[in-house]
Structures are given as structure tokens and as C-alpha cells.
Amino acid sequence: MFKDSMIIFKKEMKNIFKDKRSFFSIIILPFILMPIIFGTIGFVSNSQEKGAQETTYILQIKNAPDEFKNILSQFIKFEETQSISEEGNFAALEFPQTYNTDSLEKINVKVLFRSTSQKSSFALGQIKAALNAYQNLILQKNLEKHDLSLDDLKPINISEVDIAPKESQGTQFLSMMVPYMLLIYIFAGAMGIGMDTTSGEKERGGLAALLVNQVSRTSIAIGKILYVIVTGMLNSVSTFGGEELLINIL
Amino acid sequence: MIEVSGISKKFKTKKKVVSALEDVSFSCEDGKIFGLLGPNGAGKTTALRIMATLLKPDSGSVKVSGYDTVKQSTEVRKRIGFLTSDMKLSGNLSPDELMNFFGELNHISKEQLGSTKEQLVHYLGMGDFVSKPVEKLSTGMKQKTSIAVSLIHNPQVIIFDEPTNGLDIISSKVVTDFLKDFKKQGKTVIISTHIMPEAEKLCDTIGLIFEGHLIECGTKEELFKKYSQDSIEDIFFALAEERGLIKNV
């Protein structure tokens, strides 16, 4: 029975390797396509991030101290405006009219941003980072009055030592992701091939030719399953090869 | 020898049950050609597919050289060569590679496969294209390849469903000449067709099938005498008109 399955498997494989289009779409295309797709995604996301960093933001700032504005200028380029703007690179922040940084009272700062705008969202992130830095500054000043520093609030100092071999450090995420990615690639690669060799062959009228021969249905099924598995794996290996190539280029 | 005894077959669709064959019986001896004639949807292909073990009848039985197509399907498959007009060879394998593939599947020894291939290539005039990919062949060349593939294991019974469908006149002649030769070799040939003159020239016995019922079955002479007609085509149209299948003839 297995001998018959191997005959069917070999015939299907031969057909793939003799057909330039099939060979290209199963073996070559994923190798080329993956670096192109992920390279393009990386390029677009990098250029968007760079664009967001270089943009001058229009900010409406109310009641903020100059000290905070100086800190904010270290995070983003901005120009102040008096009115709410419809522009994508707009955000607003409002300190209370009166507040005292020397007291333990909380200072409620309201930040307005537009979640539908990537630049406005980026501005929100930078404003929050600047507010954190300003918060640390206030804390530092208040602690100094009691001869303390920020470090004194952290009695434990943790130092992490990675004892894994240098070459395998940082591969934990990859080792976790590889089985999932492999499964996805095998399924994606094998789906079309599986459909073609079963229902596709039936539609083309080739399955009847096979079924009237002295070969069991089980042998036909095993041969075709084997063919789908092997081509699916070849496809995923090619996809991984393409990704490896992209990582090496980058 | 093939014996069809009272086979019936129904197909269920979502809306209704379609009766494709109703109590069909006939037989064909070795060295004879049996032609199953009927309009589209009459049940010809279903009958042939049951004979070729591709379908199981709901009732009745088919015996090929004494073997039951349901209970002894493997033995039946050793003895039949099946070809249908729906069966289209495709892909990049050459006729030679396809013959090797089907030969291996039928467990033919290399020596026997080599000599059978040589005979078929010579007989069907496949020498010029035997190494070319099937995809690049003409309809006639593909049909010749299909014939070669279905005969690679030297079957005793040939079941051909509309073997000349889509072929030009020269390619059709190659097929009909081949069927005649097969008959001379003492083998059993069952064909289905709706080309009446072809059936009249080729077949020893003719079965006329309409809407799943075998209306008539006999030699040409018997049918001519019974209907006082001198062509199968006229008998066919008379029967079709009787059943309301033809209007304003």
C-alpha cells in the first residue's frame, strides 16, 4: 500500500518540479516575497516614526510653568497656539490655574489629543514622558528639602546577570514564535496545494483516471497527504529563508 | 464479458431525488462492441461509471468477467480500461511519463511496460509528442494519451464514455479504428455516444437510454426490423418524440 502511495507522491512532486510556475510560486516566490513584504513594512514604519520625531507640533499649553516647557522641548519640537486646531499634529495640555509644587497636593493636568491621528498620538506619548520627567524633578526638589534623593526611595538595587551563552541571548522570543510561525507558514503554503491536488484534480477530471486503477483509495490519500506536507514544508522553509535574508540585510 | 443486471441509481440534491438509472440490464460478450445511446442527462455516464467501479448502484449488480464491481472491485479494475470525455490529462508530465506512472500503479513489470508502451505509441501514432508536456498537446493528442494511459495494463474490457467527443474527424477515425481492432482481439468494448452514425458503424449491439430507462436493446438489424426504419438516428428521434423530448419535428 505504501509503495503505491510513494508512486503517487513521486508523480506529484515531479509535476511540481517540472512546472516552472508551480516551482516559482511554491519555492522561489516566498523567498523573494518575505523580504519585500517585511522590508516594506519596516521601511514604512521607520519613516513614519522618523517623520513623527521631526514634526513641529502645534500645542495649546495652558498655565504650564517654563520649567516644564523646557523639559517638553527636549522631547518634541513644538509651537504654541492659543486655539484648538483641527490639524493632525495638534495636542493640548492644561495645568490648573493655581497649584503649588512644594505641597503634597496632586496637580491635575489634562491632555487633549486625537486618537485618530498618528502624530497627535505620538505627541501624547511625548507629553506624558515630559510630564513624568517634570514629576521626577518636583519629587527631587521636595526630597532635597529633607536631605533625600530619588534613589533613597528605592532601597533595593537589582542587577540582572544573563548567564546564557552570548550567541543565544535574546532568542527566547524567537524560539517561542518559531513553532507558531512554522505552523502558520505550513498551513498557508499547503492550503492551495491541498485544494489543487484534491478538488482541483477532480474538476480537471484527473481523479477518475486515478480511481479506476489498481490502487486503493487509502494509498491515493496517503500519497497526496505526503505530497501536501512536503510541499507545505518546502514552502515554509523558503519563507524562513527569505526572512533570514531580510534579517541579514538589516 | 460484462453483465449488467437491473441496476438503479438515484442522486439526492437539496431539493429533490433524481433517478439517474432505473432497472437497467444488458450484457456484452467478448469480441463485441456495445453502444449506449441517449441524449444528455439520460444516464449513460452514470451507467458507465458504475461499470468502472467509480459509483455503486443502489440496487442490481454489474459483473465484469465474472467479478462483481462492488464486492470485487480490485479484480474488476485489473480487467477494465476506462476513459471518459471528462477525464482530462493536465500538468507538465509527458505521455511517456504518464504511461510509466499508470503502469507502475498497475504493478506492471518494467519489461512488460516497455513493450506495451512501444506498441501503444506505434499504434496510436504518438511518436512525435510522446516526450512533450501534456499541457502543450492538442485535444487529439491528449485524447490519444488518455487512451494509451487507460490501456497500459492491457485490459480485457474497455469502457469508453463518448471517446470521440471534441475530436476532429481524423482523430475520431484513429479512435474508432482502434476500437474495431480491440474487438478483433476478442475484447469487450462498451461505449456511450450521442453520435448515431458512429454508433451504427461501430456497435454490434445498441442500447437506447432515455431518462434513466433502457428503452431498447438489440442488434442494429433487430432494431431496424422492429421500428421499420433504416437508421438508428430515425429510431432514436422517433423514441425521443414519443417521450415528448422533441417538439415540432
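Use the structure listed above.
Quick look at the structure, then. Everything quoted here is computed from the prediction, not taken from an experiment.

Describing the interface of chain A and chain B
Size of an interface, as often reported, equals the accessible area lost when the parts are brought together.
Right, so step 1: Contacts between the two partners involve 21 residues from chain A and, on the opposite side, 24 residues from chain B.
Right, so step 2: For the pair chain A and chain B, the interface holds 3 salt bridges.
Right, so step 3: Across the pair K18 of chain A and E97 of chain B runs a salt bridge, and its minimum N-O distance is 2.9 Å.
Right, so step 4: Linking chain A with chain B are 9 residue pairs in polar contact (both at pLDDT 80 or more).
Right, so step 5: Elements with a minimum of two residues in the side of chain A that touches chain B: α1 (2-18) and α6 (206-211) of chain A.
Right, so step 6: Tallying contributions element by element places α1 of chain A first for the side of chain A that touches chain B, with 7 residues.

Digging into the nonpolar core
Right, so step 1: M51, I159 and L179 of chain B are the most contacted members of the largest nonpolar core, which totals 84 residues.
Right, so step 2: If near-sequence neighbours (up to four positions away) are discounted, I159 of chain B is found in contact with I2, L48, M51, A52, I80, G81, F82, L83 and I190 of chain B.
Right, so step 3: Counting residues in hydrophobic clusters, the runner-up holds 20 residues, among them A52, L59, F95 and A123 of chain A.

Focus: the environment of K77 of chain A
All names here are of chain A.
Right, so step 1: Counting through the fold element by element, K77 comes out in strand β2 (residues 77-80).
Right, so step 2: Its relative accessible area of 46% is what places K77 among the partly exposed residues.
Right, so step 3: In this structure, the C-alpha to C-alpha distance between K77 and Q140, residues 63 residues apart in sequence, is 26 Å.
Right, so step 4: Contacts of K77, omitting those with residues within four sequence positions, involve E54, T55, T56 and Y57.

Concerning the pattern of salt bridges
Residues and elements named next belong to chain A.
Right, so step 1: Per the stated rule, a full pass over the model turns up 19 salt bridges over all chains.
Right, so step 2: A salt bridge links E67 to K141, with the nearest nitrogen and oxygen atoms 2.6 Å apart. A residue pair is termed long-range when its members are at least 10 positions apart, and E67 in helix α3 (residues 66-75) and K141 in helix α4 (residues 118-144) qualify at 74 residues.
Right, so step 3: Judged by relative accessible area, K141 falls into the partly exposed class, the value being 41%.

About the thresholds
Residues numbered from 1 in each chain as written. Chains lettered and ligands numbered in written order. Predicted model: local features only at pLDDT ≥ 70, side-chain atom pairs only at ≥ 80, totals over all residues. Heavy atoms only, no water. Contact = heavy atoms within 4.5 Å. Salt bridge = Lys/Arg side-chain N within 4 Å of Asp/Glu carboxyl O. Polar contact = N/O pair within 3.5 Å; in protein donor to acceptor, adjacent residues only side chain to side chain. Helix = DSSP H or I, 4+ residues; strand = E, 2+ residues; numbered from the N terminus. Core = buried A, V, L, I, M, F, W, Y, C linked by side-chain atoms within 4.5 Å. Buried < 20%, exposed > 50% of the residue type's maximum accessible area, 1.4 Å probe, protein only.

Read these as layout, nothing more, since geometry by itself doesn't imply function.
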